[in-house]
Each structure stands twice: as C-alpha cells, then as structure tokens.
Amino acid sequence: MEIIPSYRFYLYLKLLVNAPKRVVLMSPKEDLNILYKKHIEEAKLYLPYVDNNLKVLDLGSGAGFPGIPLAIMKPRAQFYLIDKRKTHTDFLEFVAKTLNLQNVSVINLDATLLKRNKIIFDVVVARAVNRIDTILSWIKENLRSEGVVVLGKKKDVEEELKYISYPFYLKELKETSFGYLVVIKKL
C-alpha cells in the first residue's frame, strides 16, 4: 500500500470511509489509495487559484471536496464550506474539528440564499454542483471584482460555456484526467 502524504489526508479519508452512506455517496469497495487518487489528487488541481490570505467558498461542499483538501494544503486561506443538507454540514463540522482545521467555517445554507449573506469571497470552488450559469447567478453578489470561480465539470461543458455572461468571462478551460477545470473571472 502506498503511503498517503499527509496524516490529515489519511484521517480525512478514514472519516469518509466510516461515514454513513447518506453523508458520503461512494462505493464501500474503494480503498484509501483509490479515494486519495480520486478526490485528493483532483483537489490539487484547484491549488494554483487559491492563494494564502484569501476567502474561499466551497459551494455545495457535500462531503468536503474540494474544500477540505484545499484547507489542509492552504492553512493561511479561510475556507467557507456551504451545503444545504444538514447531514453534510454536520459531517463537515465533525471533520473540521477532528482535523483541527481552524481555517474552515461550515455554513448550512441553500446556495440560492447566498446573496443574503454579506461575506465577499475572493475565490469560489465547486465540483459537480450545478450548471455554470446557475452557479454564477448564485455567487454573483458574493464574489469580489476580479474574483475567480473554479469549477470541476465532468461532461457537457462546451454547451454550458455559451451561457457565461457579463460580469463574468471564461479565463481558462483545462482538460484533466478527471474531466474539465473551468476557470471564470469576474470583471
């Protein structure tokens, strides 16, 4: 068995494996190495867009991807993990406490209500949450000017790109072994 580079990653993956199925939708047959390659390695693709001292929103965080791995790798950035499902946010709070991630805040909130929140983010990350135009409508008021949105998308991304509109523009589209990384900037 390969050695997982960080004890926090190892512990996080163990928490995922032992979490109730209603919290983490993954195959029980996946061992830690497969989970590491599938989820932690994918989260690393977001790293170039997350600097220290930034406020980062993980929209629809679910079981914590990519927010938790990013928070482990970028301890000086502040992460806000938002999900509408209480079972998910309860799990995320447990993970943040267990891993002693003092740079993580968990918020139980439907993304459609985000604009009521007055926090302004520098970066928004999301993975397999919704259509690009829908995500942009949710975060428009909470992303600073010149802020960046980094979305992990699996398929049909070309069609969705047509609906990116002012004040947003496509900065980068990167094909990866996991699908696509869509980088959008706000004017």
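Keep in mind that what you see is a predicted model, and the values were worked out from it rather than measured. (Residues numbered from 1 in each chain as written. Predicted model: local features only at pLDDT ≥ 70, side-chain atom pairs only at ≥ 80, totals over all residues. Heavy atoms only, no water.)

K.L.:
Got a minute to help me understand the packing of aromatic side chains in this structure?
P.N.:
Each aromatic ring pair is characterised by the separation of its centres together with the angle its planes make. Evaluation of the coordinates by the stated rule reveals three aromatic pairs. For the ring pair Tyr 7 and Tyr 10, a centre distance of 6.0 Å and an interplane angle of 35° mean the geometry is tilted. With Tyr 7 and Tyr 10 both in helix α1 (residues 7–18) and three residues apart, this pair spans about one turn of that helix. Residue Tyr 7 is classed as exposed on the basis of its relative accessible area of 60%. Overall, Tyr 10 belongs to the partly exposed group, its relative accessible area being 31%. A ring pair is formed by Tyr 12 and Phe 65, whose centres lie 5.5 Å apart and whose planes are at 50°; its orientation type is tilted. (Phe/Tyr/Trp six-rings, centres within 6.5 Å; stacked < 30°, edge-to-face > 60°. Helix = DSSP H or I, 4+ residues; strand = E, 2+ residues; numbered from the N terminus. Buried < 20%, exposed > 50% of the residue type's maximum accessible area, 1.4 Å probe, protein only.)

K.L.:
How should the environment of Leu 57 be read in this particular structure?
P.N.:
Relative to the helices and strands, Leu 57 resides in strand β1 (residues 55–59). You can call Leu 57 buried: its relative accessible area is 0%. Remark: the alpha-carbon pair of Leu 57 and Asn 33, spanning 24 residues in sequence, is separated by 27 Å. When neighbours within four sequence positions are excluded, Leu 57 is seen to be in contact with Tyr 80, Ile 82, Leu 114, Phe 121, Val 123, Val 124, Val 125 and Ile 139. (Contact = heavy atoms within 4.5 Å.)

K.L.:
How should the packing of α1 against helix α4 (residues 86–98) be read in this particular structure?
P.N.:
A packed helix pair is summarised by two numbers, namely the angle formed by the two axes and the spacing between the axes. Their axes nearest at 10 Å, the elements α1 and α4 cross at an angle of 150°. As the angle between them shows, α1 and α4 are arranged roughly antiparallel. Note on packing geometry: the crossing formed by α1 with α4 is right-handed. Note on element contacts: α4 touches α1 through Phe 91, Phe 94, Val 95 and Thr 98, opposite Leu 11, Tyr 12, Leu 15 and Leu 16. (Axes fitted to C-alpha atoms, helices over the stretch in contact; angles between N-to-C directions. Parallel < 35°, antiparallel > 145°, perpendicular 65-115°, else oblique. Left-handed = near helix turned anticlockwise from the far one by under 90°.)

K.L.:
What is the right way to read the nonpolar core from this model?
P.N.:
If you look at soluble globular proteins, the nonpolar side chains tend to sit buried side by side. If you look at the biggest cluster of nonpolar residues, it comprises 39 residues, and the most contacted ones within it are Tyr 12, Ile 68, Phe 79, Phe 91, Leu 101, Val 104 and Val 150. In terms of residue count, α1 provides more of this core than any other element does, five residues in total. Those residues in contact with Val 104 that sit more than four places away from it in its chain are Ala 71, Gln 78, Phe 79, Leu 81 and Ala 96. Within the second largest apolar cluster, 26 residues are counted, among which are Ile 82, Trp 138, Ile 164 and Ile 184. (Core = buried A, V, L, I, M, F, W, Y, C linked by side-chain atoms within 4.5 Å.)

K.L.:
Where do I start with the pairing of strand β6 (residues 168–176) in this structure?
P.N.:
Put simply, side chains in a regular strand alternate between the two faces of the sheet. Bridge count for β6 against strand β7 (residues 179–186) is eight bridges, and the pairing is antiparallel. The residue bridging Glu 172 from the neighbouring strand is Val 183, located in β7. Hairpin remark: β6 followed by β7, antiparallel, with two residues in the connecting loop. (Pairing = 2+ DSSP bridges.)

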